[in-house]
Amino acid sequence: VRREACVKTAFVMSVHPDTDYASGLAKEPRQHVVNPVPLLWGDIDPRKRGPVVATVSEPGKRNAIGSHSGTYSIYRALALAKSGLDKNFRPDFTNTLPGDFLKGPFPAWGDICSLDPWGHMAQDIFAEELKRGELDLRPTIAVTRSHLDIPEIKTAIKDGRVVQDGRVISAAGTVVVTKSAIEAVWHLPGVAKRFKTTEAELRQALFTETGGNFPELITRPDIKLFLPPINGITVYMIGDVASIPDPTKLLTVRVHDESGDSDIFGSDRSSCRASLLFGIERCVLAAQAGGCGLIVYTRQEGNALGEVTKFMINNARRRMGDTVEAYYSEAERVAGVSDQRLHELTPDVLHWLGITKIDEFVSESETKADAIITSGIAIDKRVGLPADRVAATARVESAAQEGQRIEKRRSTEALEALPITRLPSNAKRLSVSSREAPQKSLADPASPHPALASLSADPLPLHWAATSAEARGPIVATLSKPHFRNAIGVHSGATAVHRACSVAKGLLPPGRPLELAATQPMVRIRPQPAWSDPSKICSLDPWGVQVIDGFPSAAEKGVDLQPSIAVSTASLSIAELHEAVTEGRLKVDGKVMTADLHVHGVKIAIEPVWHLPSLAVRFGLSETVLRQSLFEQTGGMYPDLVARTDLEVFLPPIGGLTIYVFGNVDTIPDESKPLTVRVHDECNGSDVFGSDICTCRPYLFHGIEECVQAAQKGGAGVIVYNRKEGRALGEVTKFMVYNARKRQQGGDTAQQYFKRTEDIAGTQDMRFQELMPDPLHWLGITKIDRFISMSNMKYDAVVESGIKIVERVDIPEELIPCDAHVEIDAKVFAGYFPGAKKAKTYEELQNTVGRAE
């Protein structure tokens, strides 16, 4: 009955007859009328080129596959299903434009293929069409201003490495920046050319290696744009933005790829945060010399392998002795490839800014430098991280990377040297222009009968509420033996697209499973009663940590399984905790906090695994409505959501979560031992870069400090870090909200804090705290002594799930950044836990005003 109800769902993407074959869905006659808005990609006149249309309100006009906001389109689908939001909502773009910013076009805009160079101006260029209701558009780029309060930069000021000039570095010690959030918009012919493959092969790999995501990749070769469900890029511009395209002005650039455990939490086994901070310092110096410095921050976690795979590789390296030799070899053994980052696409953001010459490139990566130089941008000088800034525990990584660089340089010794203003390039070894196209025989996407039907012909049985791993059965989302698949989607969340690109480039065999030997958890997580209770856990696989030895029957059949949870150890060096020791709030105990001021614990990466029937119950929906919204509002993602209701598990292509445990993991379920918990939702601008418009970073590290104290008292502390950027609205929307808040009449007042978000996004929040307690139940938590959160929604979700909270802890007043009082006053008025803070009246909120733009 449930299946019959689902397959009669309307199909609301830009429909093509072949797509019927793929999904077997009934469609309304009006949806056969497909008239995509014309698009001439590469024309630098935006009116001639045309807009990117990936909204779903008028599917016949769509000229792109996918939907806006990358991975966050999933959360919008949930919001529409759960909250009854208006499906035809149109944003109010008042005051959201970049302001005084580079307008372009620059000559290279015609060759950009991985972002929309006009994406920051769409609401202005097509303002008349928007006003008349002829188009429903979303910007794919947003530009705003910010002040960064970074503790390590304040240390650099004290040490005399940078100067507090009142312009680049404010009187308060904050770094003044312009920042831009950029969503991926791929012109498939151009991307295929960069990857040295054919468009047909790229489309086939993107569809197949993601487990059947977006059949229009195959059925609609006439649609050339794809908005992949991946995370985007943020650019931080320090100094005179107008000078960026001017080759006579000093320009420093660092391209930095996300590493959450280092960039945020200060993992001492990596030099990533140290390299990022050094890059920021160099950018400040360039800005103070009259030029500009850029930090290009790309969301390609763990070399784009994803955090679960990254932690598994870390475990394997540790078990192999953590040697230089094992650094890359273990990654290649486990994942099949040590790096899936899309360096071929990296130069696009630089060309978008009009860059033709970089004076100082703060990177030791040969591959990044090669990609930039090959794209036509000159690099005069490269600067690496000074040796005295590489932690002793990160020297294995550093030595392995240096060994790889030497090998690559040796391979080019016979090549003609570049001009003296550039460093030698390894172009023949790594350049996308010289790599031979992989020899493969894949189906032509234009074929009238592509293999689009679900491949799960004989799915393994799955009993979600079973009390043991073997009785429950494994989650099978691998592609090597597809007939066993019992889940929709694939592992690794957003990085599945990167894996597909590795296949298209010929770097990885199709469907290659992970090699799991030596990757098992470094610390055992014991099964808990909640693991078999769907009312407690429905958004992660509780047995996903035990796939190596938990499913012997599947192993006998030769089923390839992949963990959705990885458990490793953590040693963290965090500036705020060093200060806490100095000021006497924390002590060195030799166990949790060692003499080198490193904090030790356990880190756990968890991918989302949704049991759709239980998820629907959690949201108070019918499963049919949930599946339909997930399918429709993402622009047609995974037809199996509506065509295969016998498959109850969905691995959505979204970011997962990371848990940090301080103290003994085994004490967590023991109510007699003290337990402190903070559940923190990602805010990259604050968590990594210290933006002072919100309290996210200071509250996160106050939570860690509280967790360490609980661990030192014989209990444990737990940080749950959810990848839900900007309340799960995404960073582009978030930056537009910042602009609208700052520029509205009366300034950025607490009274209008939530309203401007609703005007632009249609809702205040898409985080859905109903799912938030699941990792707490997975750890066996039944009582929290200190809950480090002011959020009424999080508190209610935890308590309603059956976990007791003894004490709530608000953020100390002295930790609230100068521009974040708007946020705090608005939230307290809305019902957040105030602690000792006095709630203001609605009229008084008008008097809390943030810094002008």
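Just so it is clear, the structure is predicted and the values come from calculations on it, not from any experiment.

K.L.:
Mind laying out the overall build of the protein, listing which residues take part and the relevant values?
P.N.:
Secondary structure assignment for the protein yields 35 helices and 20 strands. A separation threshold of at least 6 residues defines the contact pool for the protein, and within that pool the share at least 24 residues apart is 76%. Summing over all exposed atoms, the protein offers an accessible surface of approximately 30000 Å²; the carbon and sulfur share of this is 53%.

K.L.:
Please give an account of the sheet that holds strand E10 (residues 378-382) that cites residues and values.
P.N.:
A sheet is described by the order of its strands in space; here seven strands give the open sequence E2-E3-E6-E8-E7-E9-E10, paired in mixed fashion. Of all strands in the sheet, those with a lone pairing partner are strand E2 (141-148) and E10, marking the two edges. Neighbouring strand axes in the sheet, compared pairwise and without regard to direction, differ in orientation by 25° on average. Across six bridges, the pairing between strand E3 (residues 175-182) and strand E6 (residues 233-239) is antiparallel. Following the sheet pairing, Lys-179 is matched in E6 by Tyr-236.

K.L.:
Tell me what's going on with the confidence of the model for the protein, and back it up with residues and numbers.
P.N.:
Counting all residues, the mean pLDDT for the protein is 89, and 90% of those residues have values of 70 or more. Low pLDDT (under 50) marks residues 1-33, which in the prediction has 78 contacts with non-local residues, meaning those over four places away or in another chain.

K.L.:
Account for the sheet that holds strand E16 (residues 657-663), naming residues and giving values.
P.N.:
Strand order across the open sheet formed by seven strands is E12-E13-E16-E18-E17-E19-E20, with mixed pairing between neighbours. In this open sheet, the two strands that pair with only one neighbour each are strand E12 (565-572) and strand E20 (804-808). Averaged over all pairs of adjacent strands, the angle between strand axes in this sheet comes to 25°, irrespective of strand direction. Bridge count between E12 and strand E13 (residues 599-606): eight bridges; the pairing is antiparallel. Note on E13: the bridge partner recorded for Ser-568 is Lys-603.

K.L.:
Give me the lowdown on the pattern of salt bridges, citing residues and values where you can.
P.N.:
Inspection of the entire model under this criterion finds 64 salt bridges. In this structure, Arg-851 engages Asp-692 in a salt bridge whose closest nitrogen and oxygen atoms are separated by 2.9 Å. Note that Arg-851 is positioned in the segment after helix H35 (842-845) and Asp-692 in the loop between helix H27 (684-687) and helix H28 (696-712), a separation of 159 residues in sequence. A single network of salt bridges, built from pairs that share partners, joins Asp-692, Arg-741, Lys-742, Asp-748, Asp-819 and Arg-851.

K.L.:
How would you sum up helix H15 (residues 324-335)? Please name residues and give values.
P.N.:
Ala-326, Tyr-327, Tyr-328, Glu-330, Ala-331, Val-334 and Ala-335 are the residues of H15 that are buried. A positive backbone phi angle near 90° is found at Gly-336, which sits one or two residues after H15.

K.L.:
Describe the environment of Leu-641, naming the residues involved and giving the relevant values.
P.N.:
Structurally, the position occupied by Leu-641 is in helix H26 (residues 640-643). The exposure class assigned to Leu-641 is buried, which follows from its relative accessible area of 0%. C-alpha of Leu-641 to C-alpha of Arg-627: the two residues are 14 residues apart in sequence and 5.5 Å apart in space. Those residues in contact with Leu-641, other than ones at most four positions away along the chain, are Ile-488, Leu-612, Arg-627, Leu-630, Phe-631 and Phe-650.

K.L.:
Quick rundown of the packing of aromatic side chains? Include the residues and the values.
P.N.:
Evaluation of the coordinates by the stated rule reveals 19 aromatic pairs. Pairing Phe-265 with Tyr-721 gives two aromatic rings, centres 5.6 Å apart and planes at 80°, and the pair type is edge-to-face. Placement of Phe-265 in the loop between helix H11 (260-263) and helix H12 (272-288) and of Tyr-721 in strand E18 (residues 716-722) is noted, with a sequence separation of 456 residues between them. A relative accessible area of 2% means that Phe-265 is categorised as buried. Using a relative accessible area of 0% as the deciding quantity, one classes Tyr-721 as buried. Ring geometry for Tyr-753 and Phe-754: centres 4.9 Å apart, planes at 85°, overall edge-to-face. Each member of the pair, Tyr-753 together with Phe-754, is buried. Taken together, the ring pairs in this structure connect Phe-106, Trp-109 and Trp-118 into an aromatic cluster. In this structure, Arg-317 is placed above the aromatic ring of Tyr-327, and the distance from its NZ or CZ to the ring centre is 3.9 Å. A cation over a ring is seen here: Arg-678 above Tyr-699, with NZ or CZ 4.1 Å from the ring centre.

K.L.:
Lay out the pairing of strand E19 (residues 783-787) in plain terms, naming residues and giving numbers.
P.N.:
Within E19, four of the five residues are buried, which leaves the element mostly enclosed by the surrounding structure. With two bridges joining them, strand E17 (residues 675-681) and E19 adopt parallel strand pairing. Looking across to E19, one finds that Thr-676 is bridged to Arg-786. Note that E19 and E20 share four bridges and pair parallel. Each residue of the ladder has a partner; that of Ile-784, found in E20, is Ile-805. Chirality of the crossover, the property in question, places the unit of E19, helix H33 (residues 792-800) and E20 among those that are right-handed.

K.L.:
Explain the nonpolar core to me, and be specific about the residues and the numbers.
P.N.:
Ranked by size, the top nonpolar core spans 118 residues in total, and within it Trp-186, Ile-604 and Trp-778 carry the most contacts. The element best represented in this core is helix H4 (residues 73-83), accounting for seven residues. One finds Ile-150, Val-162, Ile-574 and Tyr-721 within the second-largest nonpolar core, a separate group that totals 44 residues.

K.L.:
Kindly report on the side chain of Ser-614, identifying the contributing residues and their values.
P.N.:
Its location among the elements puts Ser-614 in helix H24 (residues 612-619). Discounting residues that sit within four places of it in the chain, Ser-614 has contacts with Trp-464, Pro-534 and Cys-538.

K.L.:
Explain the packing of helix H30 (residues 731-743) against helix H31 (residues 753-761) to me, using residue names and the numbers behind them.
P.N.:
At their nearest, the axes of H30 and H31 sit 9 Å apart, and the two run at 130° to each other. Comparing their axes, H31 and H30 come out oblique. As for how H30 packs across H31, the hand of that crossing is right-handed. Across the interface between the two elements, Thr-733, Met-736, Val-737, Ala-740 and Arg-741 from H30 touch Tyr-753, Arg-756, Thr-757, Ile-760 and Ala-761 from H31. Across the contact of H30 with H31, the residue classes tally to six nonpolar, two polar and two charged.

K.L.:
Describe unusual backbone geometry, and please don't skip the residues or the numbers.
P.N.:
Between Gly-104 and the following residue, Pro-105, the backbone shows a cis peptide bond with an omega angle of 0°. With respect to the element layout, Pro-105 can be found in the loop between H4 and helix H5 (122-125). The phi angle at Arg-727 is positive, at roughly 60°, despite the residue not being glycine. Along the chain, Arg-727 turns up in helix H29 (residues 725-728). A relative accessible area of 15% places Arg-727 in the buried class.

K.L.:
Before we move on, could you go through the pairing of E6 and cite the residues and values that matter?
P.N.:
Burial analysis of E6 places five of its seven residues in the buried class, the great majority of the element. The pairing of E6 with strand E8 (residues 292-298) spans seven bridges and is antiparallel. If you follow Met-237 over to E8, its bridge partner there is Leu-294.

K.L.:
With reference to specific residues and values, describe H30.
P.N.:
Taking 1.5 Å per residue as the helical rise, H30 with its 13 residues ought to reach 18 Å, and the 18 Å between its terminal C-alpha atoms agrees with that figure. For H30, a buried count of twelve out of 13 residues is recorded, marking the element as mostly surrounded by other parts of the structure. Glu-731, Val-732, Thr-733, Lys-734, Phe-735, Met-736, Val-737, Tyr-738, Asn-739, Ala-740, Arg-741 and Lys-742 are the residues of H30 that are buried.

Reading guide: rules and limits
Residues numbered from 1 in each chain as written. Predicted model: local features only at pLDDT ≥ 70, side-chain atom pairs only at ≥ 80, totals over all residues. Heavy atoms only, no water. Helix = DSSP H or I, 4+ residues; strand = E, 2+ residues; numbered from the N terminus. Contact = heavy atoms within 4.5 Å. Areas by Shrake-Rupley, 256 points an atom, 1.4 Å probe, with all protein chains shown as cover. Pairing = 2+ DSSP bridges. Axes fitted to C-alpha atoms, helices over the stretch in contact; angles between N-to-C directions. pLDDT = per-residue confidence, 0-100. Salt bridge = Lys/Arg side-chain N within 4 Å of Asp/Glu carboxyl O. Buried < 20%, exposed > 50% of the residue type's maximum accessible area, 1.4 Å probe, protein only. Phe/Tyr/Trp six-rings, centres within 6.5 Å; stacked < 30°, edge-to-face > 60°. Lys NZ or Arg CZ within 6 Å of the ring centre and 35° of its normal. Right-handed = clockwise from strand over helix to strand, strands pointing away. Core = buried A, V, L, I, M, F, W, Y, C linked by side-chain atoms within 4.5 Å. Parallel < 35°, antiparallel > 145°, perpendicular 65-115°, else oblique. Left-handed = near helix turned anticlockwise from the far one by under 90°. Nonpolar A, V, L, I, M, F, W, Y, C, P; charged D, E, K, R; others polar. Expected span 1.5 Å × (residues − 1).

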